[in-house]
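Given next are the chains, with one letter for each unit.
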Amino acid sequence: MTDNPADNLRIREERLIDHERIYRIHESVFAGHREARLGDRLRRSDLAQISLVAERFSDLESGRHLSEGEGGLLGHVMASRVELSGCPGRVLMALAPLAVLPQHQRHGIGKRLVISAVKRCRLLGAGAVVAAGHAEFYAHLGFHPARHYGLYCHHEDVPGAFVAIELVPDYLAGLGGEVLFDHGFSDLGL
């Protein structure tokens, strides 16, 4: 059995029983409760179209296979629809919030969550995905600074770098504009 948590992982849709554990994951990663409350707010307002958890699938000591919900949650990501000013027909999604328990970071769990979320965004018909976070992390996954596509967010306090990836080639070509977040993101200043 490997010591890398990402090798002992399943990515699945969140369930109602996961909500408290998801809140605690975000709470443990971010100072304060903003991101944890964001997840709850997006869920309550039906804005979150994708909500995935990373969960252990086997017990490392015994090697016993764990059923869904039995393994410990290690991370979480949500994706919600956002608008591009002047382009109401364009389908863009935003990844937020995203968190991996501190003791399990830098093992590929966040990467697996983002890759899974982006694949599901594509299945929902999104042509592009935006995110705010560590530019280097997202660059390894194919994201570029949002300004590369002419995208911006009018708030100065976007946490970290504002990045984007096209899921459909040239989906954002020649468009540009402000990415408009729903009021549910207001706790993060977006």
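Above this text you will find the structure in question.
Residues numbered from 1 in each chain as written. Predicted model: local features only at pLDDT ≥ 70, side-chain atom pairs only at ≥ 80, totals over all residues. Heavy atoms only, no water.

Asks: A description of the pairing of strand β4 (residues 92-100) should follow, citing residues and the corresponding values.
Replies: Counting buried residues along β4, 9 of its 9 residues qualify, which places the element largely inside the surrounding structure. In this structure, strand β3 (residues 73-84) lies alongside β4, joined through 7 bridges in antiparallel fashion. Its bridge partner lying in β4, A79 is registered against L95. Bridge analysis of β4 against strand β5 (residues 128-133) gives 4 bridges, and the strand direction is parallel. Bridged to L92 within β5 is A128. (Buried < 20%, exposed > 50% of the residue type's maximum accessible area, 1.4 Å probe, protein only. Helix = DSSP H or I, 4+ residues; strand = E, 2+ residues; numbered from the N terminus. Pairing = 2+ DSSP bridges.)

Asks: Requested: an account of the pattern of salt bridges, with residues and values cited.
Replies: A full pass over the atoms with the stated rule returns 8 salt bridges. In this structure, R12 engages D18 in a salt bridge whose closest nitrogen and oxygen atoms are separated by 2.8 Å. Here R12 matches D18 in class, with each residue buried. Note that R43 and E14 form a salt bridge whose closest N and O atoms lie 2.7 Å from each other. Of this pair, R43 sits in helix α2 (residues 34-44) while E14 sits in the loop between β1 (9-13) and α1 (19-29), and the two are 29 residues apart along the sequence. With respect to class, R43 is no different from E14; both count as buried. Residues joined in a network through salt bridges with shared partners are R10, R12, D18, R21 and E55. (Salt bridge = Lys/Arg side-chain N within 4 Å of Asp/Glu carboxyl O.)

Asks: Before we move on, can you summarise the pairing of β1 with the specific residues and values?
Replies: For β1, the tally of buried residues reaches 4 of 5 residues, placing the bulk of the element in the interior. In the sheet, β1 pairs with strand β2 (residues 48-56) via 5 bridges, with the strands oriented antiparallel. The partner of I11 across the bridge, within β2, is A54.

Asks: How would you sum up empty space enclosed by the protein? Please name residues and give values.
Replies: One water molecule sets the probe size; rolling that probe over the atoms shows where empty space is left. Scanning the model with the defined rule gives 1 cavity of 30 Å³ or more in all. Lining the largest cavity, in full, are H19, I22, Y23, H26, E35, A36, G39, D40, R43, H76 and P97. Of all the secondary-structure elements, those providing two or more residues to the lining of the largest cavity are α1 and α2. A total of 5 residues in the lining of the largest cavity trace back to one element, the largest contributor, which is α2. (1 Å grid on protein atoms, 1.4 Å probe; cavity = no way out; pocket = protein on both sides within 12 Å on 5 of 7 lines; lining within 4 Å. Points joined across faces, edges and corners; volume = space filled by probe spheres on them.)

Asks: Run through the nonpolar core, naming residues and quoting values.
Replies: In terms of nonpolar packing, the biggest core is built from 51 residues, with L95, L113, V130, F143 and L151 touching the most fellow members. Counting only elements with at least two residues in this core, the list comes to β1, α1, β2, β3, β4, α3 (109-123), β5 and β8 (161-166). The leading source of residues in this core is β4, at 7 residues. (Core = buried A, V, L, I, M, F, W, Y, C linked by side-chain atoms within 4.5 Å.)

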